[in-house]
Amino acid sequence: MDGDRLRFFDGHMEAFPLYEAFEGRVTGEIADVRIKVQKSQISFYNRHLFACVSFVRVRKKKDCPKAYIVVTFGLGHKVESPRIDVATEPYPGRWTHHVLIGEPEAVDGELMAWVKEAAEFSAAK
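Residues numbered from 1 in each chain as written. Predicted model: local features only at pLDDT ≥ 70, side-chain atom pairs only at ≥ 80, totals over all residues. Heavy atoms only, no water.

A. Structural context of helix α2 (residues 16–29). Taking 1.5 Å per residue, 14 residues should reach 20 Å; α2 reaches 20 Å between its end C-alpha atoms and fits that length. When α2 is considered as a whole, its buried residues turn out to be Phe 16, Leu 18, Tyr 19, Phe 22, Glu 23 and Val 26. Projected down its long axis, α2 carries its buried residues within an arc of 150 degrees, all on one side. (Helix = DSSP H or I, 4+ residues; strand = E, 2+ residues; numbered from the N terminus. Expected span 1.5 Å × (residues − 1). Buried < 20%, exposed > 50% of the residue type's maximum accessible area, 1.4 Å probe, protein only. Arc of directions from axis to C-beta.)

Here it is as structure tokens:
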């Protein structure tokens, strides 16, 4: 991992293995992914942004595990699942979904199917 990623996790190092699990699956399963580390999120791009990792609050603090990341992705439809913490439609035909990940096992086939669909949705713009 490079220094930018490590700096992003400064103060949240217990969540770093969760990010590693996610990044590994994304780069291993989706072609031509670019990663940009920013102050408030780590963004995943193909032609456009399709997913990001952050520490945005999607649950009350008492309902969050000690170590977590939030995976955000955009689709052309709303996903109905108990795993989706927040889904908003910032404009017609664009749904932003937030999923709290508290263990590496949560970076599973279901999450990756949504992220792959988000990458396809992004690439088709």
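B. Quick look at the nonpolar core. One finds Phe 22, Ile 69, Phe 73 and Leu 111 to be the most contacted residues of the largest nonpolar core, which totals 32 residues. If you list the elements that add at least two residues to this core, you get α2, β2 (41–45), β3 (49–54), β4 (69–75), β6 (94–101) and α3 (109–123). With six residues, the single largest contributor to this core is α3. Other than its neighbours up to four places away in sequence, Ile 69 contacts Phe 9, Ala 15, Leu 18, Tyr 19, Phe 22, Val 53, Ser 54, Phe 55, Val 99, Leu 100 and Ile 101. By size, the runner-up hydrophobic cluster in this structure holds five residues, among which are Cys 64, Tyr 68, Val 70 and Leu 100. (Core = buried A, V, L, I, M, F, W, Y, C linked by side-chain atoms within 4.5 Å. Contact = heavy atoms within 4.5 Å.)

C. Broad picture of the packing of aromatic side chains. Going through the model one piece at a time under the given rule, you end up with nine aromatic pairs. Taken together, a centroid distance of 5.5 Å and an interplanar angle of 15 degrees make the contact between Phe 8 and Phe 55 stacked. In this pair, Phe 8 is assigned in helix α1 (residues 3–8) and Phe 55 in the loop between β3 and β4, connecting sequence segments 47 residues apart. By the burial criterion, Phe 8 is buried, and Phe 55 matches it. A ring pair is formed by Tyr 19 and Phe 44, whose centres lie 6.3 Å apart and whose planes are at 40 degrees; its orientation type is tilted. One end of the pair, Tyr 19, is in helix α2; the other, Phe 44, is in strand β2, and 25 residues separate them in sequence. Across the pair, exposure class does not vary: Tyr 19 and Phe 44 are buried alike. (Phe/Tyr/Trp six-rings, centres within 6.5 Å; stacked < 30°, edge-to-face > 60°.)

D. Representation of the pairing of β2 within the structure. For β2, the tally of buried residues reaches five of five residues, placing the bulk of the element in the interior. Where burial is concerned, the two faces of β2 agree: the one with Gln 41, Ser 43 and Tyr 45 and the one with Ile 42 and Phe 44 are both buried. Where strand β1 (residues 34–37) lies against β2, four bridges are found, and the strand directions are antiparallel. Bridging across to β2, Ile 35 finds its partner in Phe 44. The turn linking β1 back onto β2 is made up of three residues. Bridge count between β2 and β3: five bridges; the pairing is antiparallel. In the sheet register, Tyr 45 faces β3, and the bridge partner there is Leu 49. A loop of three residues connects β2 with β3, the two strands running antiparallel in sequence. (Pairing = 2+ DSSP bridges.)

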